[in-house]
Amino acid sequence: MLASLYINIGNVYRAKLDYINALKYFNQALNTYKSQIPIDYENLTEAYYAIAEIQFKNNNYQQVLNIAEECYQIADTTYKIYFDDVLGASYAMLGNNKNADKYYKNAILLTKEYYGISLDLAYAYMSYAKFHSQTNHFNQAIDNLASAYDILKILQKDIGAGLSTYYQYEGDIYRDRTINTQAITSFKTEKKRNLLRAIDSYKKGLKALEVEQTNPENSNIEIQQSRSLMDCLDLIKAIGDVYLEIALLDNENKGADFSENLNFALNCYNNTSNLIQQARKEISNDESKIQLSNLQYQTISKTIKTAYLAYNYSKNQEFLYIAFNNSEQLKSSALFDKIANELAQENSLIPDSLLELERKLNNTIANYSELQYEELSYNEPDSSLLEEYNDKIFNASRQRDELNRYMEESYPDYYQLKYANSALSLNEIQDKVDRKEVIVEYFLAEPATEKINNGNETDTLTSLYTFFITNDKIDFHKKTLRNSEIQALEETFRFMSSTDYMFTHNEDAKQYCVSSHNLYNLLIAPFENDLQEKHLTIIPDGKLNYISFDGLLKTLPDTSETIRFNELNYLVKDVNINYANSVNIFLKNKASKPKLRNHTLAFAPEYNSEEFKMTGTSYKLAPLPGVQKEVDEIAKSVNTTIFRSKDASEQNFREKSGNFDILHLAMHAYINDSLPAYSRLAFSQIADSTTLDNDGWLNTADIYNLDLNASMTVLSACNTGVGKLQKGEGLMSLARGFLYAGCPSVVMSLWEVEDAAGTKIMTSFYKYLKAGKTKDEALRLAKLKYLEESNSRLSHPHYWMSFKCIGDNSPVYTSYDLYFFAILILLIIAFSIDQGIRIKKARRNRQA
């Protein structure tokens, strides 16, 4: 009964698009069923199928095959049919059409044999019809769809999810059907007729789901009582996509219909986005929000494309605002929600005891997740331990979700603050941007590729959208990227981060110069005249997160000569470059003034080549002699408390980190691309430690749960700014963990830092900070100083370009110039008073 309850709760989460929590409950049900004696195989396969369906929705098609392999033979007829359907769909997505066809046919045969005329048979026919449509066999698709409709008109005459699915697939067939004509006019006429039929079918699908408003192009859709949120979203987005296709048919003439259809498409996409944002309100954990952003990506990408077309046609600023707001929605949305949640907690009446309970539950989840991860890395993990850890994680997660619901229901002020739309409009952003600031936000719309139609990928082009913002100017540009430009991006990063930098050939250096200059022309040149004497803040997207803009070359050197790295015309030589997750996060962090205690906490562990294993691979903590010198030099510039050797422990950092304004971590870091939450910083290794809080490893999940008050964290370690790229969040890096924990500014590295070069740059960085420079300018000047003092070989980009500043770039220390001017003003005042006294005395003497 408990496992059945878990299945039902999982189904509720699935309906709310929270697939992460749904999967947790389905897995818990599976484990519960497995522990029964005797095992009820019917219940067991129900849990397996629920998990397989979620894996399919998350595009994990191979996982679906693995699950089916484990349980297909023990499944009863009903679940064999269900598995046949999801296996057919998975094989189709993997490009194995032969196997896909086999499983779809098997689903139909089994359903006919055991259930006859039934809703399951209608679904089996519809799935097969969809497969035929996707593989361009439209006659077979229509035949199977007709067979499904013959059943549905008996069982679901007017309403029902099955009938809605029928209309959705019917619309897909109209939309995708091949038109056999060479005449362009005839093609457009026939294509438009089919597309309008598709829209009509999709609207019938909405009606079958009992949605009140079935015209999403003209009205705001609310689907609180709908039979399926996901089906509604699919239908509304499909209607928007078709309106965009109709508009593009008229792209050459661009008449009144062109503009109208673009508006219809935008209204549909806006409805889709609003509904997803509503669903977002019922999701509390970070992982689920990131997964929801993945669902949202294609809709937002289409919205920006459509808004650009409308803006380019009409020059109406409203379309620019739509595009920008949508771009911001996919920029670290979970991080933005975390900031909004913290502000809501600070400004509401929630008792501290509840907030402390939430922190404890988060720590429990993080600790047992780490133990589970470590156990799974062994060749033969202990199943009883894994079950224990899983139960601890599950129960703590459930309690946390219940606590969040309780706080939202019991403290209305918290709920309203948490879900208030606190995103800034473009006009508000301009008001907050300093006259010396320039913000450039990128949105990289990558093609949606589906491995279907014999395994061939749909080949479309990548588009780069750019928003250029100053306090008195906004520009919006689009550039369709050629393969050579995408290759230039990848080659530039590969050259910068290559571990073979000491053996760079001149031909490789020349190729870097060409690629880097091409990237400059693509990313910066359109705005170069507006960058004079400005601070540039870049909001990257997609693969641009991996690039150090410092190294973009404004001019191409003479490639017939030997390349001298210290003489190249880098962008960093002229411009202060800062980075941010989003414009909204950047400006919110700037608005929160630091406490300016100006006291630095530095950790510099001493390693003794300790060995450890991570994801089955052995690593060694090699000594870093430069970091000891680094923290000593920093201490000469700023007031610093240093923990080194065994004192540089994880436990000391956990206890002390909340009390300092600047955190400086000079140590090894190890990145886990497959599981970003377990990338980690290596503190001093405590061999006899019995607690996770002092095992020497601080991972990203641990950092999330720290309560930091620092205005800046400096991660003087390797690869702290890289990690898995998540749509809607950017890089899931260690640096993101510190931003998430409340630190508004992080200095991090994009690749492995060379020990001596890193020490020099960090030493100079703190000297410039102490002089009152902004963080981005201090880092820029430190890099330029390193370049001036280095020969060509040591000026290779790998040595000095890795560090980047992300977040609030405000100065940490008061400028020496301010002290100078203050003293000067005091001297002038004193001189004026003295002169006044002298004049008065002279007057009295003359009168006497």
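A few points on the structure. Please read all numbers here as calculations on a predicted model, not as lab measurements.

Reading guide: rules and limits
Residues numbered from 1 in each chain as written. Predicted model: local features only at pLDDT ≥ 70, side-chain atom pairs only at ≥ 80, totals over all residues. Heavy atoms only, no water. Helix = DSSP H or I, 4+ residues; strand = E, 2+ residues; numbered from the N terminus. Rg over C-alpha atoms; globule rule 2.2 N^0.38 Å. Buried < 20%, exposed > 50% of the residue type's maximum accessible area, 1.4 Å probe, protein only. Axes fitted to C-alpha atoms, helices over the stretch in contact; angles between N-to-C directions. Parallel < 35°, antiparallel > 145°, perpendicular 65-115°, else oblique. Left-handed = near helix turned anticlockwise from the far one by under 90°. Contact = heavy atoms within 4.5 Å. Nonpolar A, V, L, I, M, F, W, Y, C, P; charged D, E, K, R; others polar. Phe/Tyr/Trp six-rings, centres within 6.5 Å; stacked < 30°, edge-to-face > 60°. Lys NZ or Arg CZ within 6 Å of the ring centre and 35° of its normal. Pairing = 2+ DSSP bridges. Salt bridge = Lys/Arg side-chain N within 4 Å of Asp/Glu carboxyl O. Core = buried A, V, L, I, M, F, W, Y, C linked by side-chain atoms within 4.5 Å.

Section: the overall build of the chain
Link 1 in the chain: A count of helical and extended segments in the chain gives 30 helices and 18 strands.
Link 2 in the chain: Relative to the 2.2 N^0.38 estimate, which gives 29 Å for 848 residues, the radius of gyration of the chain is 30 Å and therefore close to what a compact globule would have.
Link 3 in the chain: For the chain, the spread of C-alpha atoms along the three principal axes comes to 120 × 70 × 65 Å.
Link 4 in the chain: Expressed as a percentage of the 848 residues in the chain, the buried residues total 54%.

Some remarks on the packing of helix α3 (residues 41–57) against helix α5 (residues 77–93)
Link 1 in the chain: The interhelical angle for the contact between α3 and α5, taken along N-to-C directions, is 20 degrees, at an axis separation of 10 Å. As summarised for this structure, α3 and α5 are arranged roughly parallel, according to the angle between their axes. For the element pair α3 and α5, the recorded crossing hand is left-handed. Between α3 and α5, the contacting residues are Glu42, Thr45, Glu46, Tyr48, Tyr49, Ala52 and Phe56 on the first element and Tyr79, Tyr82, Phe83, Val86, Ala89, Ser90 and Met93 on the second.
Link 2 in the chain: Among the residues forming the contact of α3 with α5, the class breakdown is 10 nonpolar, 2 polar and 2 charged.

Observations concerning the packing of aromatic side chains
Link 1 in the chain: Going through the model one piece at a time under the given rule, you end up with 41 aromatic pairs.
Link 2 in the chain: Between Phe493 and Tyr546, the aromatic rings sit 5.5 Å apart at their centres with planes inclined by 45 degrees, giving tilted as the arrangement. Taken as a pair, Phe493 in helix α20 (residues 483–497) and Tyr546 in the loop between β4 (535–539) and β5 (576–579) lie far apart in primary sequence, 53 residues in all.
Link 3 in the chain: Both rings, one in Phe549 and one in Tyr579, keep their centres 6.1 Å apart while their planes meet at 65 degrees; by these two values the pair is edge-to-face. Taken as a pair, Phe549 in the loop between β4 and β5 and Tyr579 in strand β5 lie far apart in primary sequence, 30 residues in all. Note on accessibility: Phe549 and Tyr579 belong to one class, buried.
Link 4 in the chain: A cation sits over an aromatic face here: Lys254 above Phe258, 5.5 Å from the ring centre.
Link 5 in the chain: Lying across the ring of Trp697, Arg680 places its NZ or CZ 4.5 Å from the centre.

Let's talk about the sheet that holds strand β13 (residues 697–699)
Link 1 in the chain: Overall, antiparallel pairing links the 3 strands, which are arranged β11-β12-β13 in an open sheet. Edge positions in the open sheet fall to β11 (668–670) and β13, since each of these has one partner strand only. Averaged over all pairs of adjacent strands, the angle between their axes in this sheet comes to 25 degrees, without regard to strand direction.

Some details on unusual backbone geometry
Link 1 in the chain: Here Ile37 and Pro38 are connected by a cis peptide whose omega angle stands at -5 degrees.
Link 2 in the chain: Inspection of the secondary structure assignment puts Pro38 in the loop between α2 (19–34) and α3.
Link 3 in the chain: Here the phi dihedral of Leu17 falls at roughly 70 degrees; this positive angle occurs in a residue that is not glycine.
Link 4 in the chain: Positive phi, close to 55 degrees, is recorded for Ser645, a residue that is not glycine.
Link 5 in the chain: Looking at where Ser645 falls in the secondary structure, it is placed in the loop between β9 (640–644) and α24 (650–656).

Quick word on the pattern of salt bridges
Link 1 in the chain: One pass over the full model with this rule turns up 31 salt bridges.
Link 2 in the chain: A salt bridge links Glu190 to Arg193; the shortest N-O distance between them is 2.4 Å. With a gap of 3 residues between them, Glu190 and Arg193 both fall in helix α10 (residues 184–208), about one helical turn apart.
Link 3 in the chain: Note that Lys331 is salt-bridged to Glu441, the shortest N-O span being 4.0 Å. Here Lys331 is found in the loop between α14 (317–329) and α15 (333–346), whereas its partner Glu441 is found in strand β1 (residues 437–445), with 110 residues between them in sequence.
Link 4 in the chain: Among the residues examined, Glu441 registers a relative accessible area of 0% and is labelled buried.
Link 5 in the chain: Members of the salt-bridge network, linked through shared partners, are Arg175, Lys237, Asp241, Glu245 and Lys302.

Considerations on the nonpolar core
Link 1 in the chain: If you look at the biggest cluster of nonpolar residues, it comprises 125 residues, and the most contacted ones within it are Leu17, Phe83, Leu87, Tyr243, Ile429, Phe443 and Phe476.
Link 2 in the chain: Sorting elements by how many residues they give to this core places helix α11 (residues 229–249) first, with 14 residues.
Link 3 in the chain: Look past the residues within four positions of Ile429 in its chain and what remains in contact with it is Phe324, Leu424, Ile469, Val583 and Leu587.
Link 4 in the chain: If you look at the next biggest cluster of nonpolar residues, it comprises 65 residues, including Leu444, Phe612, Leu665 and Trp697.

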